[in-house]
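# Reading the structure
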Amino acid sequence: MAVFTPLTESQVEAFLSRFDAGSLVSLEGVPAGTENSTFFVTTDRRELVLTLFEQGEHEELPFFVDLLDYLDEHRLPVPGPLHDRDGVALHSLADKPALLFPRLPGKHPRDPNLAQCRALGETLGRLHKVSQHFPGHRPNPRDLHWLMPMHHKVLAYLAPEDQALMKDEVEIYQGAFGDGPELPQGALHGDLFRDNTLFEGDRLGGIIDFYNGCTGDLLFDLAIVVNDWASDEDGRLDVERHDALLAAYQSRRPLTAAERDAWPMMLRLTALRYWLSRLLVVYVDPPAHDLTPHDPERFRTILKARLAHGALPLPEASR
Ligand SMILES: Nc1ncnc2c1ncn2[C@@H]1O[C@H](COP(=O)(O)OP(=O)(O)O)[C@@H](O)[C@H]1O
Ligand SMILES: N[C@@H](CCOP(=O)(O)O)C(=O)O
């Protein structure tokens, strides 16, 4: 479930009256989601999503609003938050920070086809092209600076061979990324899994859940996408989906030589990032609510596959 704070219709009616968005017709709690309370709100004018922020750093919400406003202004398919008649987006409802969004069309793809991979790759390339000029700043909360201290917290729960794998990898990343050339920087989604996209057939209706959004290496975002969208059951890269994503991405933002060099290591680092964050949820910091944690093993499998088989050759940009 993902309604941790129930709302009454009269609370939502009063909230809606600040906005130029019509009057309430129906209110429905959304069962998906893991962190926030989400509601589908239908008014006599439009379909909306209301999010109450249950956890996380509330002082960082203005960054997410600014990022979504910026991407929406640049015509990316993101839910640009609604601003009230005074121009304010972020409000409080039931003592929780609250935002109202347009409801974007579509469903999460389980097994993305090549056209969907191309659509996502092209849109992410476009997003990264404009996000290099985004003026906001929020350091990546899950980069190497996070891996270094945090991996120690899970080592005790791992088999000896996994402890060695994790320790060795983090050390190798320090060598590879510590003194390397700076990679192109910009704003990232930070968690662009299939279930943070909505598709209508092959058309990308929207990218949602920007709450891991941050600024840092653009390549980090691309590697998260390729690991989630283009890995087979055994963790190996699927050549067709990999090439579709990367050729479409590069049609909008070709990778630099430094990024091409860093690519195999970035695939490993982002695989380990999720292995670790999921282990932390299972062993160290379980969710307060009754939620089934994501499986850490999936990203151990992906990491081992990257180590065994390396990265695939990077395709050139598609026309
Ligand atoms: N703007 C939106 N348009 C359409 N559906 C949305 C939108 N925002 C959220 N949703 C739906 O609500 C679910 C939960 O939202 P999400 O932001 O992923 O929650 P959480 O942060 O709790 O994981 C999504 O899986 C999606 O189905
Ligand atoms: N989508 C992630 C969960 C979000 O990552 P976190 O580091 O903010 O917990 C997953 O699939 O594990």
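Residues numbered from 1 in each chain as written. Chains lettered and ligands numbered in written order. Predicted model: local features only at pLDDT ≥ 70, side-chain atom pairs only at ≥ 80, totals over all residues. Heavy atoms only, no water.

The chain is annotated in an unreviewed UniProt entry as Homoserine kinase from Halomonas shengliensis. Under the Pathway (unreviewed entry) heading, UniProt states for the chain: "Amino-acid biosynthesis; L-threonine biosynthesis; L-threonine from L-aspartate: step 4/5." UniProt, in the comment section headed Sequence similarities (unreviewed entry), describes the chain in these words: "Belongs to the pseudomonas-type ThrB family." (UniProt positions renumbered as here; feature names shortened; annotations may be inferred.)

Take the site of ligand 2 next. Close to ligand 2 lie Arg142, Asp191, Phe193, Asn212, Arg273, Tyr274, Ser277, Arg278 and His294. The side chain of Asp191 places a nitrogen or oxygen atom 2.9 Å from a nitrogen atom of ligand 2. Contact distances for ligand 2 include 2.6 Å between an oxygen atom and a side-chain N or O atom of Arg278. Here the residues of the shell around ligand 2 are counted per class, giving two nonpolar, three polar and four charged. (Near = heavy atom within 4 Å. Polar contact = N/O pair within 3.5 Å; in protein donor to acceptor, adjacent residues only side chain to side chain. Nonpolar A, V, L, I, M, F, W, Y, C, P; charged D, E, K, R; others polar.)

Evaluated as defined, the whole model comprises 16 salt bridges. Between Asp162 and Arg300 there is a salt bridge; the shortest N-O distance is 2.9 Å. A residue pair is termed long-range when its members are at least 10 positions apart, and Asp162 in helix α6 (residues 160-178) and Arg300 in helix α10 (residues 296-309) qualify at 138 residues. Given a relative accessible area of 15%, Arg300 falls into the buried group. Among the salt bridges present, the one from Arg203 reaches Glu200, with a minimum N-O distance of 2.9 Å. You can call Arg203 partly exposed: its relative accessible area is 46%. Taking the relative accessible area as the measure of exposure, Glu200 reaches 38% and is therefore partly exposed. The network of salt bridges with common partners includes Glu161, Asp162, Glu297, Arg300 and Lys304. (Salt bridge = Lys/Arg side-chain N within 4 Å of Asp/Glu carboxyl O. Helix = DSSP H or I, 4+ residues; strand = E, 2+ residues; numbered from the N terminus. Buried < 20%, exposed > 50% of the residue type's maximum accessible area, 1.4 Å probe, protein only.)

Relative to the helices and strands, Tyr249 resides in helix α8 (residues 239-252). On the basis of relative accessible area, Tyr249 is assigned to the buried category, the value being 0%. Along the sequence, Tyr249 and Arg126 sit 123 residues apart, while their C-alpha atoms lie 7.6 Å from each other. Setting aside residues up to four positions removed in sequence, Tyr249 forms contacts with Gly121, Glu122, Leu124, Gly125, His128, Leu218, Leu222 and Leu255. (Contact = heavy atoms within 4.5 Å.)

Thr34, Glu35, Asn36, Leu104 and His108 are the nearest of the 18 residues found near ligand 1. In the environment of ligand 1, an oxygen atom lies 2.8 Å from a nitrogen or oxygen atom belonging to the backbone of Glu35. Taking Asn36, its main chain carries an N or O atom lying 2.9 Å from an oxygen atom of ligand 1. Within the complex, the protein chains bury 90% of what would otherwise be the 550 Å² of accessible surface of ligand 1. In the shell around ligand 1, the residues fall into nine nonpolar, six polar and three charged. (Areas by Shrake-Rupley, 256 points an atom, 1.4 Å probe, with all protein chains shown as cover.)

Our next topic: the nonpolar core. Residues Leu71, Leu120, Met166, Trp263 and Trp275 are the most contacted members of the largest nonpolar core, which totals 79 residues. Per-element tally for this core: the top contributor is helix α9 (residues 257-284), with 13 residues. Summarising the domain contributions, this core has at least three residues from each of domain 1 (9-102) and domain 2 (114-309). Here Met166 is in contact with His151, Val154, Leu155, Leu158, Leu272, Trp275, Leu276 and Leu279, once residues within four sequence places are set aside. Judged by nonpolar contacts, the second largest core, of 16 residues, contains Leu7, Phe19, Leu48 and Ala98. (Core = buried A, V, L, I, M, F, W, Y, C linked by side-chain atoms within 4.5 Å. Domains from an automatic or database assignment.)

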